[in-house]
Amino acid sequence: QLVESGGGLVQAGGSLRLSCAASGRSFSRYAMGWFRQTPGKEREFVAALSVSGGSTDYADSVKGRFTISRDNAKNTVYLQMNSLKPEDTAVYYCAGLRDYSGSYYTRAPAAYDYWGQGTQVTVSS
């Protein structure tokens, strides 16, 4: 089970840190991703992180502003969001997929096995 937190209302240029807490003992074997969705649009890839944490991937729209990280001791993945823009407004979801290689990550939502319920991020102009 994945549970997101940390969403809210922030002014443009501000920052938020999203957290995604995972239950279970195998979190360290899961590659993780963050996605976002706005009404009427498909779920959009934001960032991904390998099991080891050594490999990351970001959507062009957030590169240089967002940082994905994980703390396996706390079973938690984070998304630090800086320099937020109104177009970042969305429901943000974390997702996990079982990976035995340690280095895999993907932008494809269909590859992920588990999803959180989402947390709303609203950026005002």
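Structure first, text after, so check above.
Only a predicted model underlies this, so the values are computations on that prediction, with no experimental measurement involved. (Residues numbered from 1 in each chain as written. Predicted model: local features only at pLDDT ≥ 70, side-chain atom pairs only at ≥ 80, totals over all residues. Heavy atoms only, no water.)

A.B. asks: Quick question: what am I supposed to make of the state of the cysteines here?
C.D. replies: By definition, a disulfide is the covalent link that joins the sulfur atoms of two cysteine residues. Evaluation of the coordinates by the stated rule reveals one disulfide. Between the sulfur of C20 and that of C94 lies a disulfide, 1.9 Å long from S to S. For the disulfide bridge between C20 and C94, the dihedral angle about the S-S bond is near 50°, and by the sign convention the bridge is right-handed. Here C94 lies in strand β9 (residues 90–98) and C20 lies in strand β3 (residues 16–22), a separation of 74 residues in the sequence. (Disulfide = S-S within 2.5 Å. Helix = DSSP H or I, 4+ residues; strand = E, 2+ residues; numbered from the N terminus.)

A.B. asks: What exactly am I supposed to notice about the side chain of T76 here?
C.D. replies: Locating T76 in the fold gives a position in strand β8 (residues 76–81). Of note is the side chain of T76, whose polar atom sits 2.8 Å from the backbone oxygen of K74. Excluding anything up to four places from it in sequence, T76 contacts S19, C20, A21, F27, S69, R70 and D71. (Polar contact = N/O pair within 3.5 Å; in protein donor to acceptor, adjacent residues only side chain to side chain. Contact = heavy atoms within 4.5 Å.)

A.B. asks: Teacher, can you tell me more about the nonpolar core here?
C.D. replies: Across soluble globular proteins, nonpolar side chains have a tendency to be buried as a group. One finds W34, L79, M81 and Y92 to be the most contacted residues of the largest nonpolar core, which totals 34 residues. Residue assignment for this core shows that the elements contributing at least two residues are β3, β4 (30–37), β5 (44–49), β7 (66–71), β8, β9 and β11 (119–124). (Core = buried A, V, L, I, M, F, W, Y, C linked by side-chain atoms within 4.5 Å. Buried < 20%, exposed > 50% of the residue type's maximum accessible area, 1.4 Å probe, protein only.)

A.B. asks: Can you help me understand the pattern of salt bridges in this one?
C.D. replies: Should the charged atoms of two oppositely charged side chains come close, the side chains can pair. As enumerated under the stated definition, the model contains five salt bridges in all. Salt-bridge contacts for R36 lead to D88; the nearest nitrogen and oxygen are separated by 3.0 Å. On the criterion of sequence distance, the pair formed by R36 in strand β4 and D88 in the loop between β8 and β9 is long-range, its members being 52 residues apart. Side by side, R36 and D88 carry an identical accessibility label, which is buried. Notably, a salt bridge pairs D60 with K63, separated by 3.3 Å at the nearest N-O pair. Taking the relative accessible area as the measure of exposure, K63 reaches 48% and is therefore partly exposed. By sharing partners, the salt bridges in this structure join R36, E44, R65 and D88 into a single network. (Salt bridge = Lys/Arg side-chain N within 4 Å of Asp/Glu carboxyl O.)

A.B. asks: What am I meant to see in unusual backbone geometry here?
C.D. replies: Note: most residues except glycine have negative phi, and most peptide bonds are trans. Positive phi, close to 55°, is recorded for N75, a residue that is not glycine. Of note, N75 is situated in the loop between β7 and β8.

A.B. asks: Is there a simple way to think about the sheet that holds β8 in this case?
C.D. replies: Note on sheets: strands pair through backbone hydrogen bonds, and any given pair is parallel or antiparallel. On the basis of which strands lie adjacent, the open sheet formed by four strands has the order β1-β3-β8-β7 and antiparallel pairing. Looking at the sheet topology across the chains shown, the edges are occupied by β1 (2–5) and β7. Strand-to-strand twist of the sheet, defined as the mean angle between neighbouring strand axes without regard to direction, takes the value 15°. Summarising the sheet, β1 and β3 pair through four bridges and their orientation is antiparallel. Looking at the pairing, L2 lines up with A22 of β3. (Pairing = 2+ DSSP bridges. Axes fitted to C-alpha atoms, helices over the stretch in contact; angles between N-to-C directions.)

A.B. asks: Help me understand the packing of aromatic side chains in this model?
C.D. replies: Taken as a whole, this structure holds five aromatic pairs when the rule is applied. The interplanar angle of 65° and the centroid separation of 5.7 Å between the aromatic rings of Y30 and Y114 together place this pair among those described as edge-to-face. Taken together, the positions of Y30 in strand β4 and Y114 in strand β10 (residues 114–115) put the pair 84 residues apart, joining distant regions of the chain. Under the relative-accessibility criterion, Y30 is labelled buried at 11%. The class for Y114 is partly exposed, based on a relative accessible area of 44%. Linked through ring pairs, F35, F45, Y112 and W115 together constitute an aromatic cluster. Between R43 and the ring centre of Y93, over which it is positioned, the NZ or CZ distance is 3.8 Å. A cation over an aromatic ring shows up here: R43 above the ring of W115, its NZ or CZ 4.7 Å from the ring centre. (Phe/Tyr/Trp six-rings, centres within 6.5 Å; stacked < 30°, edge-to-face > 60°. Lys NZ or Arg CZ within 6 Å of the ring centre and 35° of its normal.)

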